[in-house]
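Structural overview
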Amino acid sequence: MSEDIPARIRALEDRDAIRDLIAGYGPLADSGDAEGIAALWVEDGAYAVGGMWEARGHEAIADLIRGPIHQQLMADGCAHLLGPVAIHLDGDHAIARGHGVLLRRQGDANEIFRMSANRWELVRTADGWRVLRRDNALLDGTEAARVLLSLPTGRHPQ
Amino acid sequence: MSEDIPARIRALEDRDAIRDLIAGYGPLADSGDAEGIAALWVEDGAYAVGGMWEARGHEAIADLIRGPIHQQLMADGCAHLLGPVAIHLDGDHAIARGHGVLLRRQGDANEIFRMSANRWELVRTADGWRVLRRDNALLDGTEAARVLLSLPTGRHPQ
Amino acid sequence: MSEDIPARIRALEDRDAIRDLIAGYGPLADSGDAEGIAALWVEDGAYAVGGMWEARGHEAIADLIRGPIHQQLMADGCAHLLGPVAIHLDGDHAIARGHGVLLRRQGDANEIFRMSANRWELVRTADGWRVLRRDNALLDGTEAARVLLSLPTGRHPQ
């Protein structure tokens with residue numbers, strides 16, 4: 001184990017900041033904070049939903065929150081619940097993998113509207129860690145979601 | 001970045017302790033540990049469910065676990081599943097925001113009985129971090145839950 | 001608070017590594033990475049599902065992923081969603097408690113196929129933290145799950 005105390009502290013801070021950044025996504029989404037969501041990404045960052053669409057840049061990402069689909073979900077009652085993320089930190093870049101589940105109120109019941117795989121690519125900026133790209137794919141038995149959840153090439157747990 | 005190594009370590013320890021404290025809530029609730037749940041709070045801490053009720057103090061909080069509603073949920077089979085929390089640390093105080101989902105067994109199926117927003121206010125005590133107040137509101141399309149999930153005033157991600 | 005900076009950093013690293021190891025379980029399971037899952041455990045580690053079966057060793061654990069039940073779940077579309085874990089670190093050993101929820105696509109809907117309690121026993125190895133034993137029990141109102149979620153004897157939150 002490295003004796004380089006500052007480097008070890010920085011790695012811990014990096015991992016904590018990434019975990020916290022991603023943990024903020026759901027609360028921001030379900031409070032309808034379009035600007036707050038966008039600010040999780042770098043200015044030209046991307047949010048791609050496999051095979052369907054890709055939003056690039058703060059305005060496009062904020063528009064996802066402002067748009068009719070998200071607003072209807074919020075009016076119905078919804079929860080963008082994320083699972084824990086496994087983080088691979090590599091200097092100024094990182095990859096985090098985890099699940100996302102979108103729960104929606106329907107009449108008197110709540111349903112699992114979507115369940116998906118997420119792969120977050122993150123970068124260290126002068127203002128802290130930000131999302132470079134988030135890829136999302138439905139966990140519907142197809143290959144796309146499995147690819148997103150796979151270990152980054154050549155990496156092992158921890 | 002600060003060169004104050006002890007302060008940076010303490011901030012990491014604080015954030016880790018808060019994350020762990022909140023992670024303990026669900027296991028304690030679903031094992032029926034009334035005293036263990038109460039001990040997450042300061043002695044005169046509060047657990048408020050928006051517009052419905054507020055429990056204050058260890059005995060009142062423990063009684064929520066001992067009471068017939070919780071005991072019936074446990075007899076049915078239930079999971080108090082929390083999402084990750086985004087933590088804003090400010091000296092000896094902190095705010096953590098995240099989702100809570102209450103899953104319940106009903107006959108041969110499991111249902112999402114409640115989905116809610118949580119805002120935890122925490123304080124550093126001589127015995128470590130404790131909950132000062134937990135506010136909870138149903139994610140049913142009304143405003144209360146959105147307020148709880150909103151960024152603390154004047155704060156930004158990270 | 002201890003002034004032993006290296007020990008405090010190591011404790012933070014330990015807790016972070018354990019959290020990350022467990023966070024990797026779901027993504028590995030849902031990407032069908034049998035070897036990756038097995039590698040979370042020590043070579044003779046165990047995965048026990050209360051009252052039903054126990055798999056011991058890397059090959060037996062990998063076979064759970066390769067087997068027909070898991071492969072059918074993946075073909076249907078599934079999410080092995082974990083909740084946050086509360087970690088008790090004790091030198092070279094640790095215990096982590098948390099929920100696991102198995103979501104499954106069924107026709108056009110998603111259902112909560114299983115909800116369970118998890119207790120992970122972990123050990124520090126020369127290659128980092130690994131799972132010694134994972135015990136899992138259905139949250140179906142019976143006692144087994146409650147025992148797994150209970151506080152390790154003689155421990156208190158934090």
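Residues numbered from 1 in each chain as written. Chains lettered and ligands numbered in written order. Predicted model: local features only at pLDDT ≥ 70, side-chain atom pairs only at ≥ 80, totals over all residues. Heavy atoms only, no water.

Brief notes about the confidence of the model for chain A
For chain A, per-residue confidence averages 95 on the pLDDT scale, and residues scoring 70 or more make up 96% of the total. Confidence estimates for the predicted assembly give a pTM of 0.96 and an ipTM of 0.94. (pLDDT = per-residue confidence, 0-100.)

Description of the interface of chain B and chain C
Contacts between the two partners involve 39 residues from chain B and, on the opposite side, 30 residues from chain C. A buried area of about 2800 Å², summed over both sides, lies between chain B and chain C, and 64% of it is on carbon and sulfur atoms. Area buried by chain B at its contact with chain C is led by Asp20(B), Pro27(B) and Asn110(B), which between them contribute 20% of it. The tally of links between chain B and chain C comes to four salt bridges. Where Arg15(C) meets Asp20(B), a salt bridge forms, and the shortest distance between an N and an O atom there is 3.0 Å. Across the chain B-chain C interface, the total number found is eight residue pairs in polar contact (both at pLDDT 80 or more). Counting residues per element, the ones that place at least two in the side of chain B that touches chain C are helix 1 (5-23), helix 2 (25-30), helix 5 (68-76), strand 3 (78-82), strand 5 (93-106), strand 6 (109-125) and strand 7 (128-138) of chain B. The greatest single-element share of the side of chain B that touches chain C, amounting to 12 residues, is contributed by helix 1 of chain B. Partitioned by chemical class, the residues of the side of chain B that touches chain C number 19 nonpolar, eight polar and 12 charged. (Contact = heavy atoms within 4.5 Å. Buried area = accessible area lost by both parts, 1.4 Å probe. Salt bridge = Lys/Arg side-chain N within 4 Å of Asp/Glu carboxyl O. Polar contact = N/O pair within 3.5 Å; in protein donor to acceptor, adjacent residues only side chain to side chain. Helix = DSSP H or I, 4+ residues; strand = E, 2+ residues; numbered from the N terminus. Nonpolar A, V, L, I, M, F, W, Y, C, P; charged D, E, K, R; others polar.)

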